[in-house]
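# Results of the structural survey
Listed below are the residues making up each chain.
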Amino acid sequence: MMTRSHTVAFQGVEARPVEVQCAVAPGLPAFNIVGLPDKAVTEARERVRAAFSNMSIALPSRRITINMAPADLPKEGSHFDLPIALALLAALDIVPAETAEGTIALGELSLDGKLMPVLGALPAAVAAVEVDKQLLCPKASSAEAAWVQAASVIGAGTLLDVVRHYTGQMPLPLAQPGEITTDSNHKDLRDVKGQERAKRAMEIAAAGRHHMLMIGTPGSGKSMLAARMASLLPPLSPAEALDTSMIQSLCGLLTQGGIHRHRPFREPHHTASMAAIVGGGRRAQPGEISLAHNGVLFLDELPEFSRPVLETLRQPMETGEVMVARANAHVKYPCRFLLLAAANPCKCGYLSDPARACARVPKCGADYLGRISGPLMDRFDLRIDVPPVPFSDLDLPPSNEGSAEVAARVAQARALQSERYAKIANCTQNADAEGAVLDAIATPCADGRALLQKAADRFGLTARGYHRVLRLARTIADLAQSENVERSHLAEAISFRLMPTDSPR
């Protein structure tokens, strides 16, 4: 006789269905697990044996074989404990076989039978809906999984609770989703004295999800500005919150089953490895660019990052997704982020100050910023100089306009974009527009076209740069609530595209 339960194996944010088959046959006593299990899955038999013993359930003196199909799909993680135990309980006629077969289960067993929280409950709930099955998981993970409204989620505290539920002795209630958490500790843009041009650039970047590079001397306020970018962005929509939380679920970043509505803000150190930034490792885990999905990735001291790490950002910045390819895994993660970067103008940082700069000026500046390749630099829609703030400005009272006022304009511009791209696949903000879509929404007027042609000829704009200026101008027009892209919008977009070091041809 063979009994079945069901679970999932994770490949990126995708939960692949796995059938756990249990056969109890005559022969020498044994407990074997097959189906390409890793070490954690192989050790499940000892945890299951101890949990059964704690419940006074004796395993039969027969040959027990657990097979996890498909057999060529790697099974990794401790969440296979519960489905193995459930299939074995059904084989021993302790729980009905049909109820075990109609359930997707995941959970780690402790030796006393308690169910420990596991990673990936949210993607598992999505998979359960797709195959029309109920999800059984640890109580500590159930609030997270219950955010998938179409899913029927049962949270159990112990294996004994599972037995009582399926035998009708003490049915467990359906799990309820955790609380929506919002980040009320955002730093306010009002705290920044001066830097009006940088503030304007941040508003445009937030409105259209445009990548932005700030170059300035140490202490000019680059990091201070970057820390306030999150306060300019609107909360995640329900669909975006679920999409982002699925990645966080795989990394164990969801606390008490709560879903975050604030956008992620990730700021890895410049010593981070390629696997930490892009994703990888033994289990091809998501990296910082995926953890920043639908949010902001801030790279301070950009030239100090290793060249290979920076070059791997080029494709994800364009496509909004990354393929982590390893010998034993090919996993795709979403990574539609806003890249905010900061850099000093040279190694010492005082290129523009004759009294403090080193003796290698201006060659030191060219060498230092030369660590950022041309193709990567070309992908920044906004490139601005952040000069030192005069001491006289530090004594001025705070600005009348703070993050709330700027965020209101950003929200209006994003609402226009949501309406504009509602029926266009893979396009949600102006930064995504390309081809015929870009031509339709950002056609400049005759004067604007002449100005753009002049700038392209004089400063050698690439084809990518040309189209990024159009996207930027479209966002500036949206902030101005203008239906058409005017010459003034293009002029401002061009000014943000060029660096002071760019020389005309």
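Residues numbered from 1 in each chain as written. Predicted model: local features only at pLDDT ≥ 70, side-chain atom pairs only at ≥ 80, totals over all residues. Heavy atoms only, no water.

## Topic: the overall build of the protein
How we decide: Per the convention used, a helix needs a DSSP run of H or I reaching at least four residues, while a strand needs a run of E reaching at least two, with both numbered from the N terminus. Remark: exposure states derive from per-residue accessible area (1.4 Å probe, protein chains only) relative to the maximum for the residue type, with buried under 20%, exposed over 50%, and partly exposed in between. What makes two residues a contact is simply this: any of their non-hydrogen atoms within 4.5 Å. The Shrake-Rupley method, run with a 1.4 Å probe sphere, supplies the accessible areas, and residue values consider only the shown protein chains as cover. Here the positive residues are Lys and Arg and the negative ones are Asp and Glu; neither His nor the chain ends is included. In plain terms, the charge of a residue is placed at NZ if it is Lys, CZ if Arg, CG if Asp and CD if Glu.
Tallying secondary structure elements over the protein gives 22 helices and 20 strands in all. Taking all 505 residues of the protein together, 50% fall into the buried category. Restricting to contacts in the protein with at least 6 residues of sequence separation, those with at least 24 account for 74%. Carbon and sulfur atoms make up 53% of the accessible area of the protein, which totals about 22300 Å². Where the 53 positive side-chain charges of the protein centre and where its 53 negative ones centre are 4 Å apart.

## Quick word on helix α20 (residues 446-459)
Convention followed: The length a helix should cover is 1.5 Å for every residue beyond the first. Throughout, the arc means that of the directions going from the helix axis to the C-beta atoms.
Between its first and last C-alpha, α20 extends 20 Å over 14 residues, near the 20 Å set by a 1.5 Å rise per residue. Within α20, burial applies to G448, L451, L452, A455 and A456. Projected down its long axis, α20 shows its buried positions confined to an angular sector of 135 degrees, all on one face. Among the exposed residues of α20, those oriented more than 90 degrees off its buried face are A446, D447 and K454. In this fold, the buried residues of α20 make contact with α21 (463-479) and α22 (487-497). Directly after α20, the chain includes G460, whose backbone phi takes a positive value near 65 degrees.

## Let's talk about unusual backbone geometry
Residue P70 is reached from A69 by a cis peptide bond, and omega for that bond is 0 degrees. By secondary structure assignment, the location of P70 is in the loop between β4 (63-69) and α3 (81-91). Look at D132: it is not a glycine, yet its phi comes out positive at around 55 degrees. As for its placement among the helices and strands, D132 is situated in the loop between α5 (121-130) and β8 (134-138).

## Quick look at the side chain of T7
The following threshold applies: N or O atoms closer than or at 3.5 Å make up a polar contact, with two conditions inside protein: a donor-capable atom paired with an acceptor-capable one, and, for residues adjacent in sequence, both atoms drawn from side chains.
Structurally, the position occupied by T7 is in strand β1 (residues 2-11). A distance of 2.7 Å separates a polar atom in the side chain of T7 from the backbone oxygen of A105. With residues up to four places along the chain from it excluded, the contact list for T7 reads R16, P17, V18, V20, H79, F80, P83, I104, A105 and L106.

## Some thoughts on the environment of I180
Following the sequence through the fold, I180 ends up in strand β10 (residues 180-181). A residue is classified by how much of its surface remains accessible, and I180, at 46% relative accessible area, is partly exposed. Considering only alpha carbons, one finds I180 and V192, 12 residues apart in sequence, at a separation of 30 Å. Residues in contact with I180, not counting those within four places in the same chain, are W147, I259 and R261.

## Re the nonpolar core
Soluble globular proteins tend to pack their nonpolar side chains together in the buried interior. Definition in use: What is meant by a nonpolar core is a set of buried Ala, Val, Leu, Ile, Met, Phe, Trp, Tyr and Cys residues, joined one to another through side-chain atoms within 4.5 Å.
Formed by 50 residues in total, the largest nonpolar core has its most connected members in M212, M214, L225, M229, L340, L382 and I384. Among the elements that make up this core, the one with the highest residue count is helix α8 (residues 196-208) (7 residues). In this structure, L225 is in contact with L189, V192, Q195, A198, K199, M202, M214 and V386, ignoring residues within four places of it in sequence. Within the second largest apolar cluster, 41 residues are counted, among which are L115, L136, V163 and Y166.

## Examining the layout of surface pockets
The following threshold applies: Buriedness of a pocket was judged along seven lines, with at least five required to meet protein on both sides within 12 Å; pockets are open sets of points on a 1 Å grid over the protein atoms alone, cavities are sets where a 1.4 Å probe fits but cannot get out, and lining residues have an atom within 4 Å of a point. Grid points are joined across faces, edges and corners, and a volume is the space filled by probe spheres set on the points. Just so you know the grouping, Ala, Val, Leu, Ile, Met, Phe, Trp, Tyr, Cys and Pro go in nonpolar, Asp, Glu, Lys and Arg go in charged, and all remaining residues, Gly too, go in polar.
By volume, the largest pocket amounts to about 470 Å³. Lining the largest pocket we find 24 residues, and of these F10, E76, G77, R283 and Q285 sit closest to its centre. Of all the secondary-structure elements, those providing two or more residues to the lining of the largest pocket are β1, β15 (285-286) and β18 (329-334). Along the lines of polarity and charge, the residues of the lining of the largest pocket split into 12 nonpolar, 7 polar and 5 charged.

## Considerations on the packing of α8 against α21
Using the following cut-off: Comment: axis = line fitted to C-alpha atoms, over the contacting stretch for helices; angle = value between 0 and 180 degrees taken between N-to-C directions. Here is the rule for angles: anything less than 35 degrees is roughly parallel, anything more than 145 is roughly antiparallel, 65 through 115 is roughly perpendicular, and the remaining ranges are oblique.
Packing of α8 against α21 brings their axes to within 9 Å, and their N-to-C directions diverge by 100 degrees. The orientation of α8 relative to α21 falls into the category roughly perpendicular. The residues of α21 that touch α8, namely those facing R200, E203, I204, A207 and G208, are L472, T475, I476 and L479. The residue makeup of the contact of α8 with α21, split by class, is 5 nonpolar, 2 polar and 2 charged.

## Some points on the pattern of salt bridges
Condition: The working definition used for a salt bridge is a side-chain nitrogen of Lys or Arg within 4 Å of a carboxyl oxygen of Asp or Glu.
Applying the stated criterion across every chain, the model contains 30 salt bridges. Two residues, E46 and R49, come together in a salt bridge whose shortest N-O distance is 3.8 Å. On the criterion of helical spacing, the pair formed by E46 and R49 is a turn pair, its members being 3 residues apart in helix α2 (residues 44-54). Between R464 and E318 there is a salt bridge, with its nearest N and O atoms 3.5 Å apart. Of the two residues, R464 is situated in helix α21 and E318 in helix α14 (residues 314-319); the sequence distance between them amounts to 146 residues. Salt bridges sharing partners connect three or more residues here, namely E318, D378, R379, D381, R464, R468 and R497.

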